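# Observations on the three-dimensional arrangement
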Amino acid sequence: MNFLKRIASFFQGGGSRSNSRHFPIYVLSRRCREPLVGQIDLLNEISLTEEDDNTYYTRKVLHTTGRTRCFDQVEVLVWFTKDKQLLRHEVWGGTWLAEAEYEQAEAEFQARLLEAETPPEE
């Protein structure tokens, strides 16, 4: 399978092109305390704003997994410059996270899941 990934990467022009196509977003669900990750396809999922021809906009809704029997969704609005650089963001139902904050929140979430699944010692 690794061989196929290398072939695909060759035809995509290496890793740099595929990395610039997607913009990762990291949020934390306020209600479920579950970290969520998503991505925005900068070639297909953004639209020019009505106010300005130099600004792009998209809306994403990320859903929790329900593993803690908590179901929630977090809405993210993101604006980009004409060069597809992050301009600003708004989040409803959660908090915007940096990648490092997401990794820490994910580790804490997995630890809580493991603790909840482990039976108490007698």
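Presented here is an overview of the structure given in this document. Treat the numbers as computed from the prediction; the structure is a model and nothing was measured. (Residues numbered from 1 in each chain as written. Predicted model: local features only at pLDDT ≥ 70, side-chain atom pairs only at ≥ 80, totals over all residues. Heavy atoms only, no water.)

## Details of the pattern of salt bridges
Note the threshold: By convention in these notes, a salt bridge is any Lys or Arg side-chain nitrogen within 4 Å of a carboxyl oxygen on Asp or Glu. Starting at the N terminus, helices and strands are each numbered in turn, a helix being any DSSP run of H or I of at least four residues and a strand any DSSP run of E of at least two. Exposure is judged per residue with a 1.4 Å probe applied to protein chains only, and the accessible area is read against the type maximum: over 50% gives exposed, under 20% gives buried, and values in between give partly exposed.
For the structure on display, the rule yields five salt bridges. A salt bridge links Asp72 to Arg31; its shortest N-O distance comes to 4.0 Å. Of the two residues, Asp72 sits in the loop between strand E4 (55-63) and strand E5 (73-81) while Arg31 sits in the loop between strand E1 (22-29) and strand E2 (35-41), which places them 41 residues apart along the sequence. By relative accessible area, which is 17% here, Asp72 ends up buried.

## Some words on the side chain of Glu34
Put simply, the rule reads: The charge count treats Lys and Arg as positive and Asp and Glu as negative. His and the chain ends do not count. When checking whether two residues touch, look at their non-hydrogen atoms; a contact exists if any pair is within 4.5 Å.
Within the element layout of this structure, Glu34 appears in the loop between E1 and E2. Despite its burial, Glu34 remains without a salt bridge, the nearest opposite charge being carried by Arg67 at 7.2 Å. In this structure, Glu34 is in contact with Val27, Leu28, Ser29, Thr64, Thr65, Gly66 and Phe109, ignoring residues within four places of it in sequence.

## Notes on the pairing of strand E6 (residues 86-92)
Under the convention used in this document: Strands were regarded as paired on the criterion that DSSP finds at least two bridges between them.
Where E5 meets E6, six bridges bridge the pair, whose relative direction is antiparallel. Considered in E6, the bridge of Val76 is made with Val91. Counting the residues that bridge the hairpin from E5 to E6 gives four residues, and of these Lys84 lies at a positive phi of roughly 65°.

## Side note on the sheet that holds strand E7 (residues 94-97)
We apply this condition: Here, axes are lines fitted to C-alpha atoms. For helices the fit covers the stretch in contact, and angles between N-to-C directions go from 0 to 180 degrees.
Ordered in space as E2-E1-E7, the three strands form an open sheet in which the pairing is antiparallel. Looking at strand neighbours, the two that pair on one side only are E2 and E7, the edges of this open sheet. Averaged over all neighbouring strand pairs, the angle between strand axes comes to 35°, with direction disregarded. With four bridges connecting them, E1 and E7 associate as antiparallel partners. The residue bridging Leu28 from the neighbouring strand is Thr95, located in E7. The strands touched by helix H3 (residues 99-117) within the sheet are E1, E2 and E7, with E2 carrying the most contacts at an inclination of about 140°.

## What to know about unusual backbone geometry
With phi around 55°, Arg33 is a residue other than glycine that occupies positive phi space. Looking at the element boundaries, Arg33 is found in the loop between E1 and E2. The class of Arg33 is partly exposed, set by a relative accessible area of 47%. Unlike most non-glycine residues, Arg69 shows phi in positive territory, near 60°. The topology assignment puts Arg69 in the loop between E4 and E5. The class of Arg69 is exposed, set by a relative accessible area of 77%.

## So, the state of the cysteines
The line we're drawing: Count a disulfide wherever a pair of cysteine sulfur atoms falls within 2.5 Å.
Tallied over the entire structure, the rule returns one disulfide. A disulfide bridge connects Cys32 with Cys70, and the sulfur atoms are separated by 2.0 Å. A torsion of -80° about the S-S bond marks the disulfide between Cys32 and Cys70 as left-handed. With Cys32 in the loop between E1 and E2 and Cys70 in the loop between E4 and E5, the pair connects residues that are 38 residues apart, well separated along the chain.

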